[in-house]
Amino acid sequence: MDRFIYLDNAATTRVKDEVYESMQPYFTEWYGNPSSIYRFAGESRKAIENARAVTADFLNAKPEEIYFTGGGSESDNWALKAAAFANRGKGKHIITSTIEHHAILHTCRYLEKLGFEITYVKVDENGVIKLDELKAAVRKDTILITIMFANNEIGTIQPIREIGELAHRNGILFHTDAVQAYGHERIDVEELHIDLLSASGHKMNGPKGVGILYIRNSVKIGSFIHGGAQERGRRAGTYNTPGIVGFGKATEIAKRELEKRRGCESGLRDYLIDRVLAEIPYTRLNGHRSRRLSNNANFSFRFIEGESLLILLDQKNIAASSGSACTSGSLDPSHVLLAIGLPHEIAHGSLRLTLSEETTKEELDYVVEELKKIVERLRSMSPLYEDFVKKA
């Protein structure tokens, strides 16, 4: 197959044509600074407020609870640092999980250096947080629980409603990193008892460099970037008008097509999973079998190394990943796969394939056939596999 096959949609997605077209006028036609008072700038200001309203509607939130940021990592940093600093008079204990994105984990490490105490709750073999352990971790001085909505590597969706209820029963703020789930799952911040939520445009066919932080009106936290009065004085800096417009349009499309997209993607995902597990021996599916993102399939292949697998797939015009794009330069095995109990040697042989609604069954058939050849080739060069076969 000559066509390039893109199966790394968890890393980033193609900007939809409709999104791109919605952004264009704000580069060249309505380019005024939205913070200016003249009418020309007002067109940009109206576009931003429209995107804010669309985003709020998607989350069942109020428009004034939506704050535009530079992306998911910024939103995570703002949520954790501002919540921690605003509530340190009540306590300095924060609860998170062992499989969070590094934007959360590294921010927690930073807060630990400032005197905050972090409890890292474990997950089971499917990547689902252990609710009993979470409940046991709650203390009188706990001020924040931050648990991701769905894992970016293995796709497991967490019991967000139960976590939110637990937090609110105990008077604790609840933040969720929904970067991987926003636009792919239905999210109602009221039903799920979410106080703070992070999302990013480029994970759902929107532009890079723009995201949101939802802050419930009753939550009192400070500014993240000081300077101008943008975002009601909480996040200074000239508005990225085209990016915000694109985020709003991508959200509008996501809401309109959500059920159709999930149905299409989950059917292909299950087809891919079934074929790989049936046709490639000594393979494991990582993450919950059904309670997972509709486009995510993550495998571990024994006796091979993931980097070699990716290189050989790339030579066949297949783009895939071994885990988070933010750690692609690291030689260490995925912290997520280690957290679900995989030994280092198996965690190193992981492959994440993430689909889109544009993925076809024909493409997946090609991928599976090539994957079978590549795994067989790499195992033929593995002394560990040779020893295993001899002992079998």
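See the structure above.
Quick caveat: nothing in here was measured; it's all calculated off a predicted structure. (Residues numbered from 1 in each chain as written. Predicted model: local features only at pLDDT ≥ 70, side-chain atom pairs only at ≥ 80, totals over all residues. Heavy atoms only, no water.)

Undergrad: Looking at this model, I keep getting lost on the overall build of the chain. Mind explaining?
TA: Each helix and strand counted, the chain has 13 helices and 12 strands in total. Over its C-alpha atoms the chain spans a radius of gyration of 22 Å, differing by no more than 12% from the 21 Å that the globule rule assigns to 392 residues. For the chain, the spread of C-alpha atoms along the three principal axes comes to 75 × 55 × 35 Å. Residues counted as buried form 56% of the 392 residues belonging to the chain. Long-range pairs, those at least 24 residues apart, make up 73% of the contacts in the chain between residues at least 6 apart in sequence. Put simply, the chain shows about 16800 Å² of open surface, and 51% of that area lies on carbon and sulfur atoms. With 51 positive and 53 negative side-chain charges, the chain shows a separation of 4 Å between the mean positions of the two kinds. (Helix = DSSP H or I, 4+ residues; strand = E, 2+ residues; numbered from the N terminus. Rg over C-alpha atoms; globule rule 2.2 N^0.38 Å. Buried < 20%, exposed > 50% of the residue type's maximum accessible area, 1.4 Å probe, protein only. Contact = heavy atoms within 4.5 Å. Areas by Shrake-Rupley, 256 points an atom, 1.4 Å probe, with all protein chains shown as cover. Lys, Arg positive; Asp, Glu negative; His and termini not counted. Charge placed at Lys NZ, Arg CZ, Asp CG, Glu CD.)

Undergrad: Quick question: what am I supposed to make of a nonpolar patch on the surface here?
TA: Side chains of Phe 85, Tyr 110 and Leu 114 sit close together on the surface and give an oily, nonpolar patch of about 250 Å² of accessible area. With respect to the secondary-structure elements, Phe 85 resides in helix α4 (residues 72-86). (Patch = residues over 30% accessible without salt bridge, like charges linked within 9 Å, V, L, I, M, F, W, Y side chains within 5 Å. Salt bridge = Lys/Arg side-chain N within 4 Å of Asp/Glu carboxyl O.)

Undergrad: Mind showing me how you'd approach the pairing of strand β12 (residues 350-354) here?
TA: Successive side chains on a regular strand alternate, one facing one side of the sheet and the next facing the other. The buried fraction of β12 amounts to 5 of the 5 residues, a majority that puts the element mostly inside the structure. Here β12 shows no split at all, with Ser 350, Arg 352 and Thr 354 on one side and Leu 351 and Leu 353 on the other all buried. As judged from the 5 bridges shared by strand β10 (residues 296-301) and β12, these two strands associate in the antiparallel manner. From the neighbouring strand, Ser 300 faces β12, where its bridge partner is Ser 350. (Pairing = 2+ DSSP bridges.)

Undergrad: Please explain empty space enclosed by the protein as it appears in this structure.
TA: The tally for this structure, following the rule as stated, stands at 1 cavity of 30 Å³ or more. One number sums up the size of the largest cavity: a volume of about 30 Å³. Grouping the amino acids of the lining of the largest cavity by side-chain chemistry returns 2 nonpolar, 5 polar and no charged. (1 Å grid on protein atoms, 1.4 Å probe; cavity = no way out; pocket = protein on both sides within 12 Å on 5 of 7 lines; lining within 4 Å. Points joined across faces, edges and corners; volume = space filled by probe spheres on them. Nonpolar A, V, L, I, M, F, W, Y, C, P; charged D, E, K, R; others polar.)

Undergrad: Is there a simple way to think about the sheet that holds strand β7 (residues 196-200) in this case?
TA: Each strand in a sheet pairs with another by means of backbone hydrogen bonds, the pair being arranged parallel or else antiparallel. Here we have 7 strands laid out as an open sheet, ordered β2-β8-β7-β6-β5-β3-β4, and mixed in their pairing. In the strand order of this sheet, the two ends are held by β2 (66-69) and β4 (117-121), each with one partner. For this sheet the average axis-to-axis angle between neighbouring strands, irrespective of direction, equals 20°. In this sheet, strand β5 (residues 142-146) lies alongside strand β3 (residues 93-97) in parallel orientation, the contact comprising 3 bridges. Bridging across to β5, Ile 95 finds its partner in Ile 145. (Axes fitted to C-alpha atoms, helices over the stretch in contact; angles between N-to-C directions.)

Undergrad: How do you make sense of the sheet that holds strand β9 (residues 283-285) when you look at a structure like this?
TA: Read from one edge to the other, the open sheet built from 3 strands follows the order β9-β10-β12, with strand pairing classed as antiparallel. In this open sheet, the two strands that pair with only one neighbour each are β9 and β12. Here the average twist between neighbouring strands, direction ignored, is 25°. Packed onto the sheet, helix α8 (residues 241-279) meets β9, β10 and β12 and runs at close to 10° relative to β10.

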